[in-house]
Amino acid sequence: MTTTPAAEGAVHLRIEGAIASITFDRPQARNALTWSMYEQLQAHCERLRDDASVRVVRFQGAGPDAFVAGTDIAQFQAFASGDDGVAYERRIDAAMALLESLPMPCVAVVRGWCVGGGLAIATACDFRVAAPDAKFGVPIARTLGNCLSAANVARLVAAFGRPRAERLLLLADLIGADEAHACGYVTEVAAPEALDAVADRLCQRLASLAPVTQQVGKATLNRLLQRDLPDAEDLIRRCYGSEDFREGVNAFVGKRAPVWRGR
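Residues numbered from 1 in each chain as written. Predicted model: local features only at pLDDT ≥ 70, side-chain atom pairs only at ≥ 80, totals over all residues. Heavy atoms only, no water.

Requested: an account of the sheet that holds strand E2 (residues 19-25), with residues and values cited.
Strand order in the open sheet formed by 6 strands is E1-E2-E3-E5-E7-E10, and the pairing between neighbours is mixed. For this open sheet the edge positions go to strand E1 (10-16) and strand E10 (188-189), each flanked by a neighbour on one side alone. (Pairing = 2+ DSSP bridges. Helix = DSSP H or I, 4+ residues; strand = E, 2+ residues; numbered from the N terminus.)

Structural data, given as structure tokens:
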């Protein structure tokens, strides 16, 4: 278990037999991720990457209200230029690439909010099970005025299809559990009291199958997804360097509606 100040949150790793569980633990902030929590996530993934005894990794949020409600927005107040945004997206890309490259299947167990960085984590997993109150989205066009990396956009398009990805990115829509299940993003929707049992059954089924076949199949899918990714750092720099981004951060921290000016 990881010990950190409560305000910073923690990411816990537990291994029981062939199944590892990673829990994002900051329920007072809907498990919004601090820099420390991203670092803990990466450390756990690095440990699991070479552990052949682990056959499945399960991810969940602490408490009933959220899987992960994005990155803690207060941290963006320190950003001074678009270059800070580029550095941040590189940092997120490194964490998501490490998670995605885990050789064993990964399962996200989603209750409540799964937005922003939380959606990126869930999408980097191979399977998702959800409670009926799960909400999936990237509402940054409404809340913050920033953007995603090309790699994270590519994952959304692969998982949801371009029309739904456009709804997420351009309309700031939230997609509910039933729609996410209907489009194949979520494997199964279960009542809150049954969700852990559903996740357990899925993990046990995955752990019973041929690991080399799973590893090769997963690596092939990832190579197909990652081929020909464009360099989009100019777009990231423009967005994080904009007045709108600074307005979005200040408005969120000030608990008021942002006023977008398109510059």
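Explain the packing of helix H2 (residues 82-100) against helix H3 (residues 117-124) residue by residue, including any values.
For any two helices packed against each other, one specifies the crossing angle of their axes together with the interaxial distance. Their axes nearest at 9 Å, the elements H2 and H3 cross at an angle of 25°. As summarised for this structure, H2 and H3 are arranged roughly parallel, according to the angle between their axes. The element H2 and its partner H3 pack so that their crossing is right-handed. Touching Met96, Leu99 and Glu100 of H2 are Ala120, Ile121 and Ala124, all from H3. (Axes fitted to C-alpha atoms, helices over the stretch in contact; angles between N-to-C directions. Parallel < 35°, antiparallel > 145°, perpendicular 65-115°, else oblique. Left-handed = near helix turned anticlockwise from the far one by under 90°. Contact = heavy atoms within 4.5 Å.)

Quick rundown of the environment of Arg142? Include the residues and the values.
Inspection of the secondary structure assignment puts Arg142 in helix H4 (residues 140-143). With relative accessibility at 44%, the residue Arg142 sits in the partly exposed group. Taking the C-alpha atoms as reference, Arg142 lies 43 Å from Leu209; in sequence the two are 67 residues apart. Residue contacts for Arg142: discarding those within four places in its chain leaves Ala172, Pro258 and Trp260. (Buried < 20%, exposed > 50% of the residue type's maximum accessible area, 1.4 Å probe, protein only.)

Outline the side chain of Asn31, supporting the account with residue identities and numerical values.
Checked against the element boundaries, Asn31 lands in the loop between E2 and helix H1 (35-49). Asn31 gets classed as buried once you look at its relative accessible area, which sits at 0%. In terms of polar contacts, Asn31 uses its side chain to reach the backbone carbonyl oxygen of Ala62, at 3.0 Å. Looking at Asn31, its side chain comes within polar contact range of the main-chain oxygen of Ala66, at 3.0 Å. (Polar contact = N/O pair within 3.5 Å; in protein donor to acceptor, adjacent residues only side chain to side chain.)

Lay out the nonpolar core in plain terms, naming residues and giving numbers.
Ranked by size, the top nonpolar core spans 59 residues in total, and within it Phe24, Val57, Phe59, Phe67 and Phe136 carry the most contacts. In this view, Phe59 contacts Ile22, Phe24, Leu41, Phe67, Leu99, Leu102, Cys106, Val107, Ala108, Val109 and Cys125; residues no more than four positions away in its chain are not counted. Counting residues in each nonpolar core, the second largest holds 14 residues, with Val56, Leu195, Val198 and Ala199 among its members. (Core = buried A, V, L, I, M, F, W, Y, C linked by side-chain atoms within 4.5 Å.)

Lay out the pattern of salt bridges with the relevant residues and their values.
In total, this model carries 16 salt bridges according to the counting rule given. The salt bridge partner of Arg111 is Asp196, with a shortest N-O separation of 3.1 Å. Here the residue Arg111 occupies a position in the loop between strand E5 (106-110) and strand E6 (113-115), and Asp196 occupies one in helix H8 (residues 192-207), the gap between them amounting to 85 residues. Its relative accessible area of 35% is what places Asp196 among the partly exposed residues. (Salt bridge = Lys/Arg side-chain N within 4 Å of Asp/Glu carboxyl O.)

Go over the side chain of Thr23, please, and point to the residues and values.
Inspection of the secondary structure puts Thr23 in strand E2. In terms of polar contacts, Thr23 uses its side chain to reach the side chain of Gln60, at 2.9 Å. Filtering out sequence-adjacent residues up to four positions away, Thr23 remains in contact with Ala10, Val11, His12, Gln60, Gly61 and Ala62.

Residues and numbers for the packing of aromatic side chains, please.
Under the counting rule described, the total for this entry stands at 15 aromatic pairs. Between the aromatic rings of Phe79 and Phe245, the centroid separation amounts to 6.2 Å while the plane-to-plane angle is 45°, which identifies the pairing as tilted. Linking Phe79 in the loop between strand E4 (66-69) and H2 with Phe245 in helix H11 (residues 243-253), this pair joins segments that are 166 residues apart in sequence. In this structure Phe79 comes out as buried when scored by relative accessible area, which is 17%. Arg128 extends its terminal NZ or CZ atom over the ring of Tyr185, reaching a point 4.1 Å from the ring centre. Above the ring of Trp113, the side-chain terminus of Lys135 is found at 4.9 Å from the ring centroid. (Phe/Tyr/Trp six-rings, centres within 6.5 Å; stacked < 30°, edge-to-face > 60°. Lys NZ or Arg CZ within 6 Å of the ring centre and 35° of its normal.)

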